[in-house]
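# Coordinates in review
Here is how the chains run, residue by residue.
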Amino acid sequence: MAIKINENYLLLKSSYLFAEVANRLAKFESENPEKKVISMGIGDVTKPLPKSVIKAFKDAVDEMGNPDTFMGYGPEHGYEFLREAIIKGDFEPLGVELDIDEIFISDGAKCDTGNFQELFSTSSKIAVTDPVYTVYVDTNVMAGRTGPMKDDGMYEGLVYLPCTAENDFEPEIPDEDIDIIYLCYPNNPTGSTLTKDQLEKFVKYARENNVLILFDAAYEKFIREDNIPHSIYEIEGAKEVAVEFRSFSKTAGFTGTRCAYCIVPKELTITDSNGDKQSLNALWDRRQTTKFNGVSYPVQKAAEAIYSPEGQKEVQENIDYYLKNAKLIRDSLTDLGLTVSGGINSPYIWVKTPNNMPSWDFFDLLLNEANIVGTPGAGFGPSGEGYFRLTAFNTYENTKEAMDRISKLSF
């Protein structure tokens, strides 16, 4: 008897985007060991964990070494001390009221956005912006909600909402029936944002058409402009139609520490095959308690320290540092005559490739001629072709050197 695989995995084209970038980089470095490569591709941070976070982390590890304070299995949803800090630190200043059991601590927004689709029928119709963070698409392909990829680079069965320079990177409201829409703002990869009025349109559409919004707000701490919402729950009625995902990775340097959270309001319901409404909060709670044992106690104590006065100051300094890098990238590339977006309320800079160069060709040009790694826009979807993503997460010194190298290239 032959073991049978989940053949939906065979529908995935090539490897995961960032794995492909890493593979090409590894090959280049093995063949050119003398070259100093500057990475501006994968969105990994370079600033270390804030001092207040490190202290809390160490103190919690010491607790784990003492029989009187040792902690075993924690609550799958997260410790109350962290969930309370999140409510007071992230949402009360916005005028958003949340209950503690609407907060779920996890080991990453990537995991949450990928896992959340498990709650929905495979017949659910999914809409994504294009270009898009690849996890939203790939996990739905793996689950069987799509057909194969077509010649145009789009998967059969998915609804794509193009975000291009022509529409100012603002997706249109879907013109066909869908069940779920993924939105990420500030956006990865384009660095674009939605104003309150623009986001209100999507909430209104979702409420009127029984659509669920999965809202990725992993980069909200980078917002600087007043008319950009930090949370979808700043929009009236959003609790009835939206789940929000957040992360400590880019804001507090937790990429290697792993801690994030999502909000699943108790007002949210979805319908079963009998037409009865079921609580999405209860379903996610059931999923997490079954398949997840929670984030470690020291990591959650470290995350709690982010909300201390010292932690808030240190996190803000890190974000300001990365936004300084983003401004340098944006200004430098603009001065070279390239068309650039993002980099204002976001750590991502979205660059139009020169002379309509294919994005993977531009990747190879930057790697081979300037020893710089970025991310080809085509990897984020068909509308990303002809664009390139650079991140502001390197050091200021490396960022400046990278811009100097690019200025010497001939396009």
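In what follows, the accompanying structure is described. (Residues numbered from 1 in each chain as written. Predicted model: local features only at pLDDT ≥ 70, side-chain atom pairs only at ≥ 80, totals over all residues. Heavy atoms only, no water.)

## Quick notes on empty space enclosed by the protein
In the structure shown here, the tally under the stated rule is 3 cavities of 30 Å³ or more. When its volume is computed, the largest cavity comes out at roughly 110 Å³. Along the walls of the largest cavity sit 14 residues, with Asp90, Lys221, Ser247, Phe248 and Thr251 positioned nearest its centre. Every element with two or more residues in the lining of the largest cavity is listed here: strand 7 (242-247) and helix 10 (309-335). Tallied by class, the residues present in the lining of the largest cavity amount to 7 nonpolar, 3 polar and 4 charged. Considered as a void within the structure, the second largest cavity measures approximately 40 Å³ in volume. Lining the second largest cavity, in full, are Tyr185, Pro186, Leu194, Leu199, Phe215, Ile223, Ile228 and Pro229. Here the residues of the lining of the second largest cavity sort into 8 nonpolar, no polar and no charged. (1 Å grid on protein atoms, 1.4 Å probe; cavity = no way out; pocket = protein on both sides within 12 Å on 5 of 7 lines; lining within 4 Å. Points joined across faces, edges and corners; volume = space filled by probe spheres on them. Helix = DSSP H or I, 4+ residues; strand = E, 2+ residues; numbered from the N terminus. Nonpolar A, V, L, I, M, F, W, Y, C, P; charged D, E, K, R; others polar.)

## Quick look at the packing of aromatic side chains
Within this structure, the stated rule accounts for 22 aromatic pairs. Centre to centre, the rings of Tyr133 and Tyr136 are 5.4 Å apart; their planes meet at 85 degrees, and the pair counts as edge-to-face. When sorted by exposure, Tyr133 lands in the same class as Tyr136, which is buried. An angle of 75 degrees between the planes, with centres 5.0 Å apart, marks the rings of Tyr322 and Phe393 as edge-to-face. Note that Tyr322 is positioned in helix 10 and Phe393 in the loop between strand 15 (387-391) and helix 12 (396-407), a separation of 71 residues in sequence. Put simply, the rings of Tyr219, Phe222, Tyr321, Tyr322, Tyr348 and Phe393 pair up and form one aromatic cluster. In this structure, Lys301 is placed above the aromatic ring of Phe81, and the distance from its NZ or CZ to the ring centre is 4.4 Å. Between Lys324 and the ring centre of Tyr396, over which it is positioned, the NZ or CZ distance is 4.4 Å. (Phe/Tyr/Trp six-rings, centres within 6.5 Å; stacked < 30°, edge-to-face > 60°. Buried < 20%, exposed > 50% of the residue type's maximum accessible area, 1.4 Å probe, protein only. Lys NZ or Arg CZ within 6 Å of the ring centre and 35° of its normal.)

## Quick word on the pairing of strand 7
Most of strand 7 is tucked away: 6 of the 6 residues are buried. Burial along strand 7 is two-sided: the residues Ala242, Glu244 and Arg246 and Val243, Phe245 and Ser247 are all buried. In this structure, strand 6 (residues 212-216) lies alongside strand 7, joined through 4 bridges in parallel fashion. Bridge assignment links Asp216 to a residue of strand 7, and that residue is Phe245. Of the strand pairs in this sheet, strand 7 and strand 8 (residues 260-263) are connected by 4 bridges, and their pairing is antiparallel. When the bridges of strand 8 are listed, Arg246 appears paired with Tyr261. (Pairing = 2+ DSSP bridges.)

## Focus: the sheet that holds strand 11 (residues 340-342)
Judged by pairing direction, the sheet is antiparallel, and its 4 strands sit side by side in the order 11-12-15-14 without closing on themselves. Across the chains shown, the open sheet's two edge strands, defined by having one partner strand only, are strand 11 and strand 14 (375-376). Looking at chain direction, strand 12 (residues 348-352) and strand 15 are connected through 5 bridges and run antiparallel. Residue pairing in the sheet places Ile349 in a bridge with Leu390 of strand 15. Sheet strands in contact with helix 11 (residues 359-370) are strand 14 and strand 15, and its direction is about 45 degrees off that of strand 15. (Contact = heavy atoms within 4.5 Å. Axes fitted to C-alpha atoms, helices over the stretch in contact; angles between N-to-C directions.)

## Structural notes on a negative patch on the surface
On the surface, a cluster of negative charge is made up of Asp175, Glu176, Asp177 and Asp179. In this fold, Glu176 is placed in the loop between strand 4 (159-162) and strand 5 (180-184). (Patch = residues over 30% accessible without salt bridge, like charges linked within 9 Å, V, L, I, M, F, W, Y side chains within 5 Å. Areas by Shrake-Rupley, 256 points an atom, 1.4 Å probe, with all protein chains shown as cover. Salt bridge = Lys/Arg side-chain N within 4 Å of Asp/Glu carboxyl O. Lys, Arg positive; Asp, Glu negative; His and termini not counted. Charge placed at Lys NZ, Arg CZ, Asp CG, Glu CD.)

## A short note on the environment of Glu200
Following the sequence through the fold, Glu200 ends up in helix 6 (residues 196-209). Note: C-alpha distance between Glu200 and Pro189 (11 residues apart in sequence) is 22 Å.

## Thoughts on unusual backbone geometry
A cis geometry characterises the amide bond from Asp130 onward to Pro131, with omega recorded as 10 degrees. Considering the arrangement of structural elements, one finds Pro131 in the loop between strand 3 (126-130) and helix 5 (134-143). The amide bond that connects Asn188 to the next residue, Pro189, takes the cis arrangement and shows omega of 25 degrees. You can see Pro189 is positioned in the loop between strand 5 and helix 6. Although it is not a glycine, Asp168 sits at a positive phi angle of roughly 60 degrees. By secondary structure assignment, the location of Asp168 is in the loop between strand 4 and strand 5. Backbone geometry at Arg258 places phi at a positive 70 degrees, although glycine is not the residue there. Relative to the helices and strands, Arg258 resides in the loop between helix 7 (249-252) and strand 8.

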